[in-house]
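Next come the chains, spelled out residue by residue.
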Amino acid sequence: SGVELVGAGDVSDAPPPASRCSSLAPDGAPAYWKDALTWQLAAVVFWSQFADWGMGDSVYPYACANASSTPDVAGCEMWSNELSLAAQLVGCFFASRVALDGRNLGATLWAPVAVYTGWFGLLLYTSWSGALSLPRLSERGVLVDLFVLRGLGPYARAVVPRLIQPCYAKTHHEDLPVFFGVVGVLGNVGGSLVATGLIGARQF
C-alpha cells in the first residue's frame, strides 16, 4: 500500500511523466499552476475547509436546534464536539493508509468528496430555518452528519499533500504545501463570512 511513486530514487528536478498524475505537462514558472491536478486538489482543499470548518462550524448549532420540537441543544453540541475529535483521527488514519494513484483518484478522493458534499447539504438543510415544517435530520442524524463531515474533510485534506511528492517535480515540493495552505485558509474564512451573512439575514 501507499502512494504509487513516480520516478522513485530520481533526484533530478525533471518533473515526473505528466500522464502518471494529470493530463497537462508543466510548462513555465510556476509550472504547477499549469497543471490541471493542482487546481483540482486546490478545489478539494478549499471546499473541505469552506463547508466543514467555515460554514459547518457556524451552522451546526442551528441544526441541533432544528432537529426536534424539544431539542437538547447543549447535549447535541457537546456530542458533536466529542465525535468531531474522533472523526478527525479516523479520517487522518485512513488517509495515511490508503493506496494512492495520481492517475486514478475516483475512489480514493473524488467519491469521498462527493459523499462529503451530500452530507454537508443535509446539515445545511437541517440548519435552514425554512426546514422547520419539512422533514429533516434528527438529533442523532445531526451527530452522524458531523461525524461524516469531520472524518471525510480531514481525510481529503490529508490525501492532498501525499500526492505532492509523486505527482510533482522536486522543485515544487516546498511551494505546494504553502499554496494549498493558503487556499485552505481562504476556504475557511470564506465559509465563515458566508455563514455570518446568512445568520445575519436570519436564514438559520
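Bear in mind the structure is a predicted one, so any value in this text is a computation, not a measurement.

## As for the overall build of the chain
Point 1. Helix and strand counts for the chain stand at six helices and zero strands.
Point 2. Traced from its N-terminal end to its C-terminal end, the chain shows the element sequence α-α-α-α-α-α.
Point 3. Residue pairs at least 24 apart in sequence account for 78% of intrachain contacts in the chain once pairs closer than 6 positions are excluded.
Point 4. A total accessible area of about 10200 Å² is found for the chain, and carbon and sulfur atoms account for 65% of it.

## A short note on the pattern of salt bridges
Point 1. Here the structure, examined in full by the defined rule, presents three salt bridges.
Point 2. Arg-150 is the salt-bridge partner of Asp-52, the closest N and O atoms lying 2.4 Å from each other. Of the two residues, Asp-52 sits in helix α1 (residues 36-66) while Arg-150 sits in helix α4 (residues 139-162), which places them 98 residues apart along the sequence. As far as the burial class goes, Asp-52 and Arg-150 line up, both buried.
Point 3. Measuring nitrogen to oxygen at the nearest pair gives 3.0 Å for the salt bridge that ties Asp-57 to Arg-150. Of this pair, Asp-57 sits in helix α1 while Arg-150 sits in helix α4; the two residues are 93 residues apart in sequence, bridging distant segments of the chain.
Point 4. Among the residues examined, Asp-57 registers a relative accessible area of 36% and is labelled partly exposed.
Point 5. Overlapping salt bridges, with partners in common, bring together Asp-52, Asp-57, Arg-150 and Arg-157 in one network.

## Quick notes on the confidence of the model for the chain
Point 1. With 83% of its residues at a pLDDT of at least 70, the chain reaches an overall mean of 82.
Point 2. Per-residue pLDDT stays below 50 along residues 3-12; that stretch engages in 17 contacts with residues further than four places along the chain or on separate chains.

## What to know about empty space enclosed by the protein
Over the atoms rolls a probe the size of a water molecule, and its path tells where empty space is left.
Point 1. Tallied over the entire structure, the rule returns two cavities of 30 Å³ or more.
Point 2. As for the second largest cavity, its lining consists of Val-44, Trp-47, Ser-48, Val-113, Tyr-116, Leu-152, Gly-153 and Ala-156.
Point 3. Residue composition of the lining of the second largest cavity, grouped by class: six nonpolar, two polar and no charged.

## Points about helix α6 (residues 175-200)
Point 1. Helix length check: α6, at 26 residues, gives a terminal C-alpha distance of 38 Å against a target of 38 Å (1.5 Å per residue), a fit within 8%.
Point 2. Buried residues of α6: Leu-176, Phe-179, Phe-180, Val-183, Gly-184, Gly-187, Gly-191 and Ala-195, and no others.
Point 3. In this structure, the buried side of α6 is in contact with α1, α4 and α5 (164-167).

## Let's talk about the packing of helix α2 (residues 73-97) against α4
Point 1. α4 packs onto α2 with a crossing angle of 30 degrees between their chain directions and a minimal axis gap of 7 Å. As summarised for this structure, α2 and α4 are arranged roughly parallel, according to the angle between their axes. Of the two elements, α2 crosses α4, and the hand of that crossing is right-handed.
Point 2. Taken together, the residues of the contact of α2 with α4 sort by class into 17 nonpolar, six polar and four charged.

## Focus on the packing of α1 against α6
Point 1. Relative to each other, α1 and α6 sit at 35 degrees, their axes nearing to 7 Å. With respect to the hand of their crossing, α1 and α6 are arranged in right-handed fashion.
Point 2. Considered class by class, the residues forming the contact of α1 with α6 number 19 nonpolar, ten polar and no charged.

## Focus: the environment of Ile-199
Point 1. Tracing the chain through its elements places Ile-199 in helix α6.
Point 2. Along the sequence, Ile-199 and Ser-58 sit 141 residues apart, while their C-alpha atoms lie 8.8 Å from each other.
Point 3. If sequence neighbours within four positions are ignored, Ile-199 has contacts with Ser-58, Tyr-62 and Phe-204.

## Brief notes about the packing of aromatic side chains
Point 1. Using the criterion set out here, one finds seven aromatic pairs in the structure.
Point 2. Both rings, one in Trp-39 and one in Phe-179, keep their centres 5.6 Å apart while their planes meet at 90 degrees; by these two values the pair is edge-to-face. Of this pair, Trp-39 sits in helix α1 while Phe-179 sits in helix α6; the two residues are 140 residues apart in sequence, bridging distant segments of the chain.
Point 3. Trp-39 sits in the partly exposed class, given a relative accessible area of 41%.
Point 4. Between Trp-47 and Phe-120, the aromatic rings sit 5.5 Å apart at their centres with planes inclined by 85 degrees, giving edge-to-face as the arrangement. Residue Trp-47 is found in helix α1, and its partner Phe-120 is found in helix α3 (residues 106-127); the two are separated by 73 residues along the sequence.
Point 5. Trp-47 sits in the partly exposed class, given a relative accessible area of 26%.

Thresholds, definitions, all that
- Each residue is numbered by its place in its chain's sequence as written, counting from 1.
- The predicted origin of the model limits local features to residues at a pLDDT of at least 70 and limits the giving and counting of side-chain atom pairs to 80 or more, whereas totals for whole chains, interfaces and linings rest on all residues.
- Only hydrogens and water are removed before side-chain values are computed, so all heavy atoms of the structure are retained for them.
- Strands here mean DSSP runs of E at least two residues long; helices mean DSSP runs of H or I at least four residues long; both are numbered from the N terminus.
- Working rule for contacts: check all heavy atoms of both residues, and any pair within 4.5 Å makes them a contact.
- The method behind every accessible area is Shrake-Rupley, applied with a 1.4 Å probe, and residues are considered shielded solely by the protein chains displayed.
- Any Lys or Arg side-chain nitrogen found within 4 Å of a carboxyl oxygen on Asp or Glu counts as a salt bridge.
- Relative accessibility decides the category of a residue: with a 1.4 Å probe and only protein chains considered, values under 20% of the type maximum give buried, values over 50% give exposed, and everything between is partly exposed.
- The predictor's confidence in any single residue is recorded as pLDDT, a number from 0 to 100.
- Method remark: on a 1 Å grid restricted to protein atoms, a set of points is classed as a cavity if a 1.4 Å probe fits but cannot get out and as a pocket if it is open with protein on both sides within 12 Å along at least five of seven lines; lining residues have an atom within 4 Å of a point.
- Grid points are joined across faces, edges and corners, and a volume is the space filled by probe spheres set on the points.
- By the convention adopted, Pro, Cys, Tyr, Trp, Phe, Met, Ile, Leu, Val and Ala count as nonpolar, Lys, Arg, Asp and Glu as charged, and the other residues, Gly among them, as polar.
- The span one expects for a helix is its residue count, reduced by one, times 1.5 Å.
- Where helices are involved, their axes are fitted lines through C-alpha atoms of the stretch in contact, as for all axes, and angles between N-to-C directions lie from 0 to 180°.
- Throughout this description, any angle smaller than 35 degrees is read as roughly parallel, any larger than 145 degrees as roughly antiparallel, any in the 65 to 115 degree range as roughly perpendicular, and the remainder as oblique.
- For any pair of crossing helices, the crossing counts as left-handed if the nearer helix is rotated counterclockwise from the farther one by less than a right angle, and right-handed if it is rotated clockwise.
- Here a Phe, Tyr or Trp ring, Trp counted by its six-membered ring, pairs with any other such ring whose centre lies within 6.5 Å, and the pair is stacked when the planes are under 30 degrees apart, edge-to-face when over 60, and tilted otherwise.

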